[in-house]
Amino acid sequence: MAAADEQFEQYEEEETNEASMMLSSVGRKRIFSKELRCMMFGFGDDQNPYTESVDIIEDLVIEFITETTHKAMEIGKTGRVQVEDMVFLVRKDARKYARVKDLLTMNEELKRARKAFDEVKYAGKEAALN
């Protein structure tokens, strides 16, 4: 009987959380709508997906980001989220881990390219002044 009560309480808590999330998202500004519409189209949806579909996907994305950020804050230094914390969180999910590694590698390559570009640009200006 105690297990049934515990399950019911957990169900009530989940329902309350979902209801509060829905209420809070009603008046919220949609910040990923444009990107999500493009992604949905890229994955085979209509070019103009239903607004309700985009809103649901955005709610899920924001919930995922929020939960992941909270988990990352618990892992590392209090109140700070670092790249290493995020990598640690996704280490067991091969697809997420590979994607994170790809993005971090690409970020480093972009930094090096910008630095090289700025050095060439700066050297060009310096030569023009002499």
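Residues numbered from 1 in each chain as written. Predicted model: local features only at pLDDT ≥ 70, side-chain atom pairs only at ≥ 80, totals over all residues. Heavy atoms only, no water.

Participant: Looking at this structure, how should I read the overall build of the protein chain?
Facilitator: Check the secondary structure of the protein chain and you find five helices and zero strands. When the helices and strands of the protein chain are read in sequence order from the N terminus, they spell out α-α-α-α-α. Out of the 130 residues in the protein chain, the part that is buried amounts to 10%. Accessible area of the protein chain: about 11200 Å², with a carbon and sulfur share of 58%. (Helix = DSSP H or I, 4+ residues; strand = E, 2+ residues; numbered from the N terminus. Buried < 20%, exposed > 50% of the residue type's maximum accessible area, 1.4 Å probe, protein only. Areas by Shrake-Rupley, 256 points an atom, 1.4 Å probe, with all protein chains shown as cover.)

Participant: Before we go on, may I ask you to explain the confidence of the model for the protein chain in this structure?
Facilitator: The predicted coordinates of low-pLDDT regions are not to be read in fine detail. Overall, the prediction assigns the protein chain a mean pLDDT of 83, with 74% of residues at 70 or greater. For the protein chain, helix α1 (residues 2-26) is the element with the lowest average pLDDT, namely 57, and helix α2 (residues 33-42) is the one with the highest, namely 96. (pLDDT = per-residue confidence, 0-100.)

Participant: Just checking my understanding: could you explain the layout of surface pockets for this structure?
Facilitator: The rolling of a water-molecule-sized probe over the atoms marks out the regions of remaining empty space. Estimates place the volume of the largest pocket at around 380 Å³. Looking at the lining of the largest pocket, the elements with two or more residues in it are α3 (51-75), α4 (83-90) and α5 (94-129). Class assignment for the residues of the lining of the largest pocket results in seven nonpolar, one polar and two charged. (1 Å grid on protein atoms, 1.4 Å probe; cavity = no way out; pocket = protein on both sides within 12 Å on 5 of 7 lines; lining within 4 Å. Points joined across faces, edges and corners; volume = space filled by probe spheres on them. Nonpolar A, V, L, I, M, F, W, Y, C, P; charged D, E, K, R; others polar.)

Participant: Can you walk me through the side chain of glutamate 58 in this structure?
Facilitator: Inspection of the secondary structure assignment puts glutamate 58 in helix α3. In this structure, glutamate 58 is in contact with Arg28, Arg30, Ile31, Phe32, Ser33 and Leu36, ignoring residues within four places of it in sequence. (Contact = heavy atoms within 4.5 Å.)

Participant: How do you make sense of a nonpolar patch on the surface when you look at a structure like this?
Facilitator: A cluster of nonpolar side chains, namely Ile56, Ile57 and Leu60, defines an oily patch on the protein surface of about 260 Å² accessible area. Mapped onto the elements, isoleucine 57 comes out in helix α3. (Patch = residues over 30% accessible without salt bridge, like charges linked within 9 Å, V, L, I, M, F, W, Y side chains within 5 Å. Salt bridge = Lys/Arg side-chain N within 4 Å of Asp/Glu carboxyl O.)

Participant: I tried to follow the packing of aromatic side chains on my own but got confused; where do I start?
Facilitator: The geometry of two aromatic rings is summed up by the distance between their centres and the angle between their planes. Under the definition given, this model contains zero aromatic pairs. Taking NZ or CZ as reference, arginine 91 lies 3.8 Å from the ring centre of phenylalanine 88, over its face. (Phe/Tyr/Trp six-rings, centres within 6.5 Å; stacked < 30°, edge-to-face > 60°. Lys NZ or Arg CZ within 6 Å of the ring centre and 35° of its normal.)

Participant: Could you clarify how one ought to interpret the packing of α2 against α3 in this entry?
Facilitator: Running from N to C, α2 and α3 point in directions that differ by 110 degrees, and their axes come no closer than 10 Å. By the criterion of interaxial angle, the relationship of α2 to α3 is roughly perpendicular. Contacts from Ser33, Leu36, Arg37 and Met40 in α2 reach Thr51, Ser53, Val54, Ile57, Glu58 and Val61 in α3. Considered class by class, the residues forming the contact of α2 with α3 number five nonpolar, three polar and two charged. (Axes fitted to C-alpha atoms, helices over the stretch in contact; angles between N-to-C directions. Parallel < 35°, antiparallel > 145°, perpendicular 65-115°, else oblique.)

Participant: Got a minute to help me understand the side chain of threonine 68 in this structure?
Facilitator: With respect to the element layout, threonine 68 can be found in helix α3. Overall, the relative accessible area of 14% leaves threonine 68 in the buried class. Apart from the residues within four sequence positions on either side, threonine 68 is in contact with Met86 and Leu89.

Participant: Explain the packing of α3 against α4 to me, please; I cannot follow it from the model alone.
Facilitator: Two measures define how a pair of helices packs: the angle their axes make with one another and the distance between the axes. Running from N to C, α3 and α4 point in directions that differ by 110 degrees, and their axes come no closer than 9 Å. Relative to α4, the element α3 lies roughly perpendicular. In this structure, α3 meets α4 at a crossing whose hand is right-handed. Contact with α3, carried on its side by Thr68, Lys71, Ala72 and Ile75, involves Asp85, Met86, Phe88 and Leu89 of α4 and no other residues of that element. Classifying every residue of the contact of α3 with α4 gives five nonpolar, one polar and two charged. (Left-handed = near helix turned anticlockwise from the far one by under 90°.)

Participant: Would you take a moment to explain the pattern of salt bridges for this structure?
Facilitator: Opposite charge on two side chains permits pairing when their charged atoms draw close. Taken as a whole and assessed by the stated rule, the structure comprises five salt bridges. Note that aspartate 55 and arginine 30 form a salt bridge whose closest N and O atoms lie 3.4 Å from each other. With aspartate 55 in helix α3 and arginine 30 in the loop between α1 and α2, the pair connects residues that are 25 residues apart, well separated along the chain. For the salt bridge of arginine 30 with aspartate 59, the shortest nitrogen-to-oxygen distance reads 2.9 Å.

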